[in-house]
Number of protein chains: 2
Amino acid sequence: VCVSLLFSSKLHDLNEPLIDHAEGQDFLNEAFKVIMDEVLCKGTDVKQKVCEWKEPDELALLLDLELRATGETQHRLLQRVRDVAKYSTKTCHPRFFNQQFAGVDYHSLAGQFLTDALNTNICTYELGPVFVLMEAEVLRGLRQLVGWAEGDGIFCPGGSISNMYAVNLARYQLFPEVKTKGLCSLPKLTIFTSPESHFSVKKGAAFLGIGTDNVILVKVDDRGRMIPEDLDEKIKLAKSQGAVPLLISCTSGTTVRGAFDPLDHIADVCERHKLWMHVDAAWGGSVLFSKQHTHLMKGVDRANSIAWNPHKMLLAGLQCSAFLLKDTTNLLKRCHSANATYLFQQDKFYDMNLDIGDKSVQCSRRVDCLKLWLMWKAVGSDGLAERVDKAFIHVRYLVEQMKKREGFQLLAEPEFVNVCFWYIPPSLRGKEGNADYHDRLAKVAPVIKERMMKQGTMMVGYQPLGDRVNFFRMVVFSPLVSQKDMDFFLNEIERLGSDL
Amino acid sequence: VCVSLLFSSKLHDLNEPLIDHAEGQDFLNEAFKVIMDEVLCKGTDVKQKVCEWKEPDELALLLDLELRATGETQHRLLQRVRDVAKYSTKTCHPRFFNQQFAGVDYHSLAGQFLTDALNTNICTYELGPVFVLMEAEVLRGLRQLVGWAEGDGIFCPGGSISNMYAVNLARYQLFPEVKTKGLCSLPKLTIFTSPESHFSVKKGAAFLGIGTDNVILVKVDDRGRMIPEDLDEKIKLAKSQGAVPLLISCTSGTTVRGAFDPLDHIADVCERHKLWMHVDAAWGGSVLFSKQHTHLMKGVDRANSIAWNPHKMLLAGLQCSAFLLKDTTNLLKRCHSANATYLFQQDKFYDMNLDIGDKSVQCSRRVDCLKLWLMWKAVGSDGLAERVDKAFIHVRYLVEQMKKREGFQLLAEPEFVNVCFWYIPPSLRGKEGNADYHDRLAKVAPVIKERMMKQGTMMVGYQPLGDRVNFFRMVVFSPLVSQKDMDFFLNEIERLGSDL
Ligand SMILES: Cc1ncc(COP(=O)(O)O)c(C=O)c1O
Ligand SMILES: Cc1ncc(COP(=O)(O)O)c(C=O)c1O
């Protein structure tokens, strides 16, 4: 009775807010220390594990995830922060090579924390005066690297959605009535991309109502780059079958092999057929910072739109994905606007163009620009270029070392920072002629992967591709990596696979 | 020459990583202190401004946003952190009433920081072992409040995208071939919603290729609630015109008036016509925590899907938006999957069902569950219920006070925590009969808004609605608010509008 009276008196006392700032700030201080120790110090220490593997059942028990009626003590909650940190994969670890993101940039992370604390929606100037201006400036900076003096853009929750934006804008530009009438009155629209493009092109086609069958796959060369002549033929074929070719989605830095489609040649084809040229540079876009490697994207300035994820190679932290547009006719807003009067009042006392929310298909939109801006300010374009250049230098070293070792077989010379290779264990060397060679080789990577996960020494991904059986895709770009991590990587693969 | 040599030696020395942990961690420590002081202490202090209004040109100069070739000193960067904080709108301020988010929960914020530091993608178990299990548990907890013992779900980057998911699933369930063939071979699909539903229903219809004209608006009653009888008629009419009714998007807590559509009655109509029933509870869903107010969503368990944004009323921080599904047939994954082999290998050593990425149309997906989980653990379901109940109590107080003051005129008794009202300035009182009354009244809110922004004392939004001219929408739910903030609010509106 006493407790419930107390409870209800707190509830009904309108002068007692339900949150205690001193207590809350104290918790946040303590949690910050745990994050510093467990994630940022231990997590980046090569003597510590990349992951602390637990079977799902065991982990669920350890974490005690259940949500209950009553709250817990600060002490218990801090222990929870520690546990979450402990059992999470350390993507900031120098030996995390599993994904197209890795490492940690402290300025970017500070930008994330500030974003979280300021907790706002970037849809209007009154909600995010700093961020509306900052996003414009960051987009301008990125467009400048593309070679565009003008244009538009927006940050999206990931490259997949950026790729969808491209398709939605292309079809609106061609058939403005699609916004109101939908696709059911339009001819069949087709999208062209390479079989090695990211799966989001197909996911997007399904989501936008275009259908995955209408994503036409253009042949690639032996390094995974789109063949412009085949594109030209596929476009003609689609037209002859009554479809309307809409957009070509080129890739700069494919997900698995890191291939760069030849943009200049593709641009010629696009111009000839009047197609929207989209460049999915989610992964490879960062080469634009580098004087030495920017040539990989020669012709990118001829594109209509670009998806570029600073949350990948640039370490901006999830999520940071820029969608860039050459358009200067306010296409983005015309295509996406709903003109909600509760947000975008026409009788505001400031310039309505600063209320950028209607350029998005979202309503609440996180501030994704601050972390990139702060990092960019911290190291400058030169510093970011240096990171890109260094990644290529690391890759060159790794490839040289692989060639010196017996068990490593490259799929091809890497064009970018993806190093794709098979590890041929001792028992398979010299057996390429055997009938079961490929079946046995296919089983090597999964076993090595399981062992490395369970021992927690490092992480790298593998996959098959077409008729190529399972191979590793090593990606090297984190500015935390040093030569000894690459040496370790090679030794470790050998150690884990020596008995296979 | 010397500098460039140094530069290039650092670049080529593979044993020297480009990031210095000690320096970086020191910066993060200092930035954290700034965030604590400038955002969390000053930002929640009623003696400080909610916003420091600057004209865009002036603000751009102050911030020096330009991105340059060279980096800056730590000292300069810390000053930038301070500036960003200073000129940003303080959404955590107790007098920020502008939006459907406000305040700060320190446990949730700690969860955000931890999420950022761990920087991972929740698409596979190996990348986020803790988070894959945690997301499932949080979704289970939310579904339990809905009354579903089973089901599915996922966190989306916002309620707008959650609403799109509902439409995409509904059409896939009805016409599975839409995924491959697209909409151009299907009949015209229609969506039903009220004119007061969120604009994302229309944005989604455009984005998904359905078209905004095919969003059919169902009449509402004088409080803004959908009229089931009109829904029934509109469905019949659409059918008679050859369209295929697909989905009804009900709203629990409309954006402006906070109205709850009568779910139980709507469910009857849905069942009769075999339509997908989606409930957009992005705003109102949190009443499900409250024993006293859960009746507002009676019938929600009969829905097929629900969008619920803990980043709004529950203070989970942007972005935290749950999409809940009743389905137990893996519809979400069947509809969205692309089966990318580089992420979702079939020969993994653990249960593939833990690789949940293919349920999403995204690839990289932020961890949005941790902050909600940690907050929920901290205060329990009872604590969250208390916050909801207290919000209603605050609203009751505010409404009583308004009735006692001459200048405040409610649109209607609030059903939820949105208090919509006109402020009638002295010069307009008793002039309801005048021909220019509504024109003059329409100009009141924008002027008061401009004044409050420029003085920075508080923030509240306004909008017109149908033939109702500009009125304020006050939303009261932050657990930081106390009675004196509401008294201040009323006094301040009077002060700012007394000469109008
Ligand atoms: C080439 C490419 N495009 C697009 C994407 C999707 O980006 P996001 O993961 O941000 O959705 C990826 C992600 O791996 C990618 O590699
Ligand atoms: C009723 C309703 N639904 C959906 C949304 C959209 O949610 P989000 O802003 O997360 O996209 C809102 C946001 O204001 C809303 O009020």
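Every value quoted in this text rests on a predicted model; they were computed, and no experiment measured them.

Q: Please set out the overall build of chain A residue by residue, giving values where relevant.
A: For chain A, the count of helices and strands is 16 helices and 12 strands. Seen along its three principal axes, the alpha-carbon backbone of chain A occupies a region of about 80 × 60 × 45 Å. For chain A, the residues scored as buried account for 67% of the 500 residues in total. Surface accessibility of chain A: about 16,600 Å² in total, with carbon and sulfur atoms responsible for 51%. One way to put it: in chain A the 60 positive side-chain charges average out to a point 3 Å from where the 62 negative ones average out.

Q: Could you give an account of the interface of chain B and chain A, with specific residues and numbers?
A: Counting residues at the interface gives 176 residues for chain B and 176 residues for chain A. With both sides pooled, the region where chain B packs onto chain A buries about 15,500 Å², and carbon together with sulfur makes up 66% of that total. The largest per-residue losses of area from chain B upon contact with chain A belong to Leu14(B), Phe207(B) and Phe349(B), which jointly make up 6% of the total buried on that side. Put simply, chain B and chain A have 10 salt bridges between them. Taking the shortest distance from any N to any O, the salt bridge between Glu72(B) and Lys377(A) comes out at 3.9 Å. Take the side of chain B that touches chain A: its biggest share by element is 18 residues, from helix H13 (residues 369-404) of chain B. For the side of chain B that touches chain A, a count of residues per class yields 86 nonpolar, 51 polar and 39 charged.

Q: Go over the sheet that holds strand E3 (residues 189-193) of chain A, please, and point to the residues and values.
A: Residue and element names in this part refer to chain A. The strand order E2-E8-E7-E6-E5-E3-E4 describes an open sheet built from 7 strands, whose pairing is mixed. The sheet is open, and its two borders are formed by strand E2 (152-156) and strand E4 (215-217), each paired with just one other strand. Recorded for the sheet is a direction-independent mean angle of 20 degrees between the axes of neighbouring strands. Both E3 and strand E5 (residues 244-251) contribute to a ladder of 5 bridges, which runs parallel. By the bridge assignment for E5, Thr193 is matched with Ser249. The strands touched by helix H10 (residues 228-240) within the sheet are E3, E4 and E5, with E3 carrying the most contacts at an inclination of about 165 degrees.

Q: I'd love a proper account of the UniProt feature "modified residue: N6-(pyridoxal phosphate)lysine" (unreviewed entry) in chain A, names of residues and values included.
A: Sites flagged by UniProt as "modified residue: N6-(pyridoxal phosphate)lysine" (unreviewed entry) map to Lys312(A). Mapped onto the elements, Lys312(A) comes out in the loop between strand E7 (305-308) and strand E8 (321-325). Those residues within four positions of Lys312(A) in sequence are excluded, and the remaining contacts are Gln100(A), Phe101(A), Ala282(A), Trp283(A), Phe477(A) and Ser364(B).

Q: Outline unusual backbone geometry, supporting the account with residue identities and numerical values.
A: Residue and element names in this part refer to chain A. Here the amide bond leading from Leu318 into Gln319 is cis, since omega sits at -5 degrees, within 30 degrees of zero. For Gln319, the location among the structural elements is in the loop between E7 and E8. Although it is not a glycine, Asn339 sits at a positive phi angle of roughly 55 degrees. Residue position: Asn339 is located in the loop between helix H12 (331-336) and helix H13 (369-404).

Q: Which residues make up the domain arrangement of chain A, and what are the values?
A: Residues and elements named next belong to chain A. Its domain assignment divides chain A into domain 1 (22-88), domain 2 (121-366) and domain 3 (379-497). Spacing between the C-alpha centres of domain 1 and domain 3 amounts to 32 Å. Each partner contributes residues to the interface: domain 1 has 7 residues there, and domain 3 has 9 residues. Each partner contributes to the roughly 610 Å² buried at the junction of domain 1 and domain 3, and carbon and sulfur atoms together form 70% of this total.

Q: Any details on the environment of Ala378(B)? Residues and values, ideally.
A: Secondary-structure assignment places Ala378(B) in helix H13. By relative accessible area, Ala378(B) is classed as buried at 9%. As for Ala378(B) and His107(B), which are separated by 271 residues in sequence, their C-alpha atoms are 7.0 Å apart. Not counting the four nearest positions on each side in its chain, Ala378(B) is found in contact with Gly71(A), Glu72(A), Leu77(A) and His107(B).

Q: Hey, could you go over helix H9 (residues 200-207) of chain A for me, with residue numbers and the actual values?
A: Residue and element names in this part refer to chain A. Taking burial as the measure, the 8 residues of H9 include 7 buried ones, the bulk of the element. The complete set of buried residues in H9 reads Ser200, Val201, Lys203, Gly204, Ala205, Ala206 and Phe207. At the exit of H9 stands Gly209, carrying a positive phi of roughly 85 degrees.

Q: Which residues make up the environment of Gly242(B), and what values do they have?
A: With respect to the helices and strands, the residue Gly242(B) is situated in the loop between helix H10 (228-240) and strand E5 (244-251). Residues Gly242(B) and Pro187(B), 55 residues apart in the sequence, show an inter-C-alpha distance of 8.0 Å.

Q: Outline the packing of aromatic side chains, listing residues and values.
A: How two aromatic rings sit relative to each other is given by the distance of their centres and the angle of their planes. All names here are of chain A. Counted under the stated rule, the structure contains 45 aromatic pairs over all chains. Summarising the aromatic geometry, the rings of Phe289 and Trp308 are spaced 5.9 Å apart at their centres and angled 70 degrees between planes, so their arrangement reads as edge-to-face. On the criterion of sequence distance, the pair formed by Phe289 in the loop between strand E6 (276-280) and E7 and Trp308 in strand E7 is long-range, its members being 19 residues apart. Assessed through its relative accessible area of 7%, Phe289 is described here as buried. Judged by relative accessible area, which is 0%, Trp308 ranks as buried. Three or more aromatic residues link up through ring pairs in this structure, and these residues are Phe97, Phe408, Phe421, Tyr423, Phe472 and Phe489.

Reading guide: rules and limits
- Residues numbered from 1 in each chain as written.
- Chains lettered and ligands numbered in written order.
- Predicted model: local features only at pLDDT ≥ 70, side-chain atom pairs only at ≥ 80, totals over all residues.
- Heavy atoms only, no water.
- Helix = DSSP H or I, 4+ residues; strand = E, 2+ residues; numbered from the N terminus.
- Buried < 20%, exposed > 50% of the residue type's maximum accessible area, 1.4 Å probe, protein only.
- Areas by Shrake-Rupley, 256 points an atom, 1.4 Å probe, with all protein chains shown as cover.
- Lys, Arg positive; Asp, Glu negative; His and termini not counted.
- Charge placed at Lys NZ, Arg CZ, Asp CG, Glu CD.
- Contact = heavy atoms within 4.5 Å.
- Buried area = accessible area lost by both parts, 1.4 Å probe.
- Salt bridge = Lys/Arg side-chain N within 4 Å of Asp/Glu carboxyl O.
- Nonpolar A, V, L, I, M, F, W, Y, C, P; charged D, E, K, R; others polar.
- Pairing = 2+ DSSP bridges.
- Axes fitted to C-alpha atoms, helices over the stretch in contact; angles between N-to-C directions.
- UniProt positions renumbered as here; feature names shortened; annotations may be inferred.
- Domains from an automatic or database assignment.
- Phe/Tyr/Trp six-rings, centres within 6.5 Å; stacked < 30°, edge-to-face > 60°.

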